[in-house]
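Chains, contacts and geometry: an overview
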Amino acid sequence: MSATITPTMTDQLIQDENDHVVQTYKRPPFVIVHGEGSTLFDSEGKPYQDWVAGIAVNALGYNDARLTQAIQAAATGLIHTSNLYYTAPQIELANMLVEKSFADRVFFSNTGAEANEGAIKFARKVQYEKGTHDKTEIVCFTGAFHGRTMGAVALTPKEKYQKAFMPLMPGAVLAEFNNLESAKAAIGSKTAGVIIEPIQGEGGINVATPEFLKGLRELCDQNGAVLIFDEVQCGLGRTGKLWAHEWTGVTPDIMTLAKPLAGGLPIGAILMTNAVANAMHAGEHGTTFGGGPLVTSVAKHVVQRISQPEFLAHVTEVGDYLMERLSEINSPIIKEVRGKGLIVALELTTDVSNIIEQGYEQGLLMVNAGTNVIRFVPPLIIDKANVDNLVDKLTMIFSAT
Ligand SMILES: Cc1ncc(COP(=O)(O)O)c(C=O)c1O
């Protein structure tokens, strides 16, 4: 807790991080020690209103009594047995996810990237089982982010993430997001699967149009390809519906989940139809930790709470209010406000890093999505007073910029 970390210790911790942690993250100069609701506190007791939520993870916020209780209860039970054995929490969570979605079956992983790796393999296996062994391509889209592992990063078309790590997984084919003609040119007899975020997160909060997703569904059906929705960031209540694709009326064959699923504990999931699941047989895919009893017990609690109609209505109401209030900020460098529910972008005509840094001084945690977009993916329990506080502070920051 904050009282036990002195300013000298804070400096030392930051120095140690610089010395001993791989420098793949550029962190602001404070150490977070605890959280309450949608507020985080640093080691000097300074509060920060959190618009990041551990990158769209902490849906129930911090120090939530019922979540803590669920974790404590789970920790007194089984922690790990491996997937060699039946354990109740995994099966009960699968029941719950199947009951609440298009899916018939679930495979549990540990992260979003790992869920997408599984989705790629499952799509290829569907084709392999049909005897079309050369049908291996996976179509992805401009602005996509599917993770950092070798398959997922091959479907994440950004030079900074790919260039120095070649060769990546072969068979990735790129089409333009929200451009059906481009998708038509990319999807064909060699396509095993098509992967898309119904709302792109890292790429700048770009919402796929219902027409585009419907077109992809048709193209996949015509070509015998598997349609994969990556809802790692936009799923599980973030848009005000349990699944982001519910807004479009289009259902995939596979959906990947992760981030908020176990309230901040690491978990991922691949939801699929029987047509996909039936292509997979014992021993063809696996994970030591995925779907362990501790995380799945906690995930049951989280899914049960997030899927309540009142909880989802709250996300829609506060999300609409956030977009409305952000649109009121008057600044020549603001280009657009867009999003759905509590996944919202404020696009500027300039680099956003300066605004984010000033946010730290004002007690705001914000994160970018690309160079020009400030992304708001707060705990889903955030309220209208929090929005007003954000907008007051941003108004001040923009007027001084
Ligand atoms: C849409 C999407 N897919 C996949 C991932 C990768 O998830 P993880 O970081 O858990 O591997 C992310 C992470 O930001 C994401 O936003």
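The present account deals with the structure reproduced in this document.

Rules of the game
- Here the residue numbering is sequential within each chain, running from 1 through the sequence in written order.
- Totals for whole chains, interfaces and linings use every residue, but because this is a predicted model, local features are given only for residues with pLDDT of at least 70 and side-chain atom pairs only at 80 or more, for both listing and counting.
- Processing note: side-chain calculations cover all non-hydrogen atoms of the structure and skip hydrogens and water entirely.
- Note on definitions. A residue lies near a molecule or strand when any single heavy atom of the residue is within 4 Å of it.
- Identification of polar contacts relies on pairs of N or O atoms within 3.5 Å, with a donor-acceptor requirement for protein atoms, meaning one able to donate a hydrogen and the other able to accept it, and with residues adjacent in sequence counted only if both atoms are side-chain atoms.
- Calculation of accessible area relied on Shrake-Rupley with a 1.4 Å probe; when residues are assessed, cover is drawn exclusively from the protein chains displayed.
- Here a helix means four or more residues in a row that DSSP labels H or I, a strand means two or more in a row labelled E, and each is numbered from the N terminus.
- Pairs of residues are marked as contacts when any of their non-hydrogen atoms sit within 4.5 Å.
- Only protein chains enter the accessibility calculation, which uses a 1.4 Å probe; a residue is then buried when its area is under 20% of its type maximum, exposed when over 50%, and partly exposed in between.
- The span you would expect from a helix comes to 1.5 Å times its residue count less one.
- Between 30 and 60 degrees the pair is tilted, below 30 it is stacked and above 60 it is edge-to-face, where a pair is any two Phe, Tyr or Trp rings, Trp via its six-membered ring, whose centres lie within 6.5 Å.
- Counted as over-ring charges are cases with an Arg CZ or a Lys NZ within 6 Å of the ring centre that also lie within 35 degrees of the ring normal.
- Strands were regarded as paired on the criterion that DSSP finds at least two bridges between them.
- Fitting a line to C-alpha atoms yields each axis, with helices limited to the stretch in contact; the angle taken between N-to-C directions then spans 0 to 180 degrees.

What follows concerns the site of the ligand. In the vicinity of the ligand, 13 residues are found, and the nearest of them are Gly112, Ala113, Asp230, Gln233 and Lys259. In the environment of the ligand, a nitrogen atom lies 2.7 Å from a nitrogen or oxygen atom belonging to the side chain of Asp230. Gln233 has a polar side-chain atom sitting 2.7 Å from an oxygen atom of the ligand. Surface burial for the ligand is 82%, taken as the share of its 390 Å² of free accessible area covered by protein chains.

On to the side chain of Ser38, then. Mapped onto the elements, Ser38 comes out in the loop between β1 (32–36) and β2 (39–42). Look past the residues within four positions of Ser38 in its chain and what remains in contact with it is Tyr48, Gln49, Asp50, Tyr62, Pro379, Ile381, Ile382 and Asn386.

Let's shift gears to unusual backbone geometry. Note the cis peptide between Met166 and Pro167, where omega equals -5°. Examined against the element boundaries, Pro167 turns out to sit in the loop between α7 (159–162) and β6 (172–175). For Ile55, which is not a glycine, the phi torsion comes out positive at approximately 60°. As for its placement among the helices and strands, Ile55 is situated in helix α2 (residues 53–56). Residue classification places Ile55 among the partly exposed residues on the basis of a relative accessible area of 31%. Its identity is not glycine, yet Ser82 carries a phi of approximately 80°, on the positive side.

For helix α9 (residues 210–223), with 14 residues, the first-to-last C-alpha span of 20 Å sits near the 20 Å given by 1.5 Å per residue. For α9, the full list of buried residues reads Phe212, Leu213, Gly215, Leu216, Arg217, Leu219 and Cys220. Structurally, α9 contributes buried residues whose contacts are with β5 (137–141), α8 (180–186), β7 (191–196) and β10 (226–230). Trailing α9 by a residue or two, Gly224 shows a phi angle of about 65°, which is positive.

So, about the packing of aromatic side chains. Scanning the model with the defined rule gives seven aromatic pairs in all. Between Phe30 and Tyr48, the aromatic rings sit 4.3 Å apart at their centres with planes inclined by 20°, giving stacked as the arrangement. One end of the pair, Phe30, is in the loop between α1 (7–20) and β1; the other, Tyr48, is in strand β3 (residues 47–50), and 18 residues separate them in sequence. There is no split in this pair, since Phe30 and Tyr48 are both buried. Through successive ring pairs, a cluster of aromatic residues spans Phe30, Tyr48 and Tyr360. One residue, Lys241, lies across the ring of Trp247, its end atom 4.6 Å from the ring centre. Just above the ring of Tyr321 sits the side chain of Lys384; from NZ or CZ to the centre is 5.3 Å.

Taken in spatial order, the four strands make up an open sheet running β13-β14-β17-β16, and their pairing is antiparallel. Lying at the two open borders of the sheet, with one neighbouring strand each, are β13 (334–340) and β16 (367–368). Here β16 runs beside strand β17 (residues 373–376); their pairing, made up of two bridges, is antiparallel. Looking at the pairing, Asn368 lines up with Ile374 of β17. Strand contacts of helix α14 (residues 384–399): β13, β14 (343–348) and β17, with the helix running at about 10° to β14, the strand carrying the most contacts.

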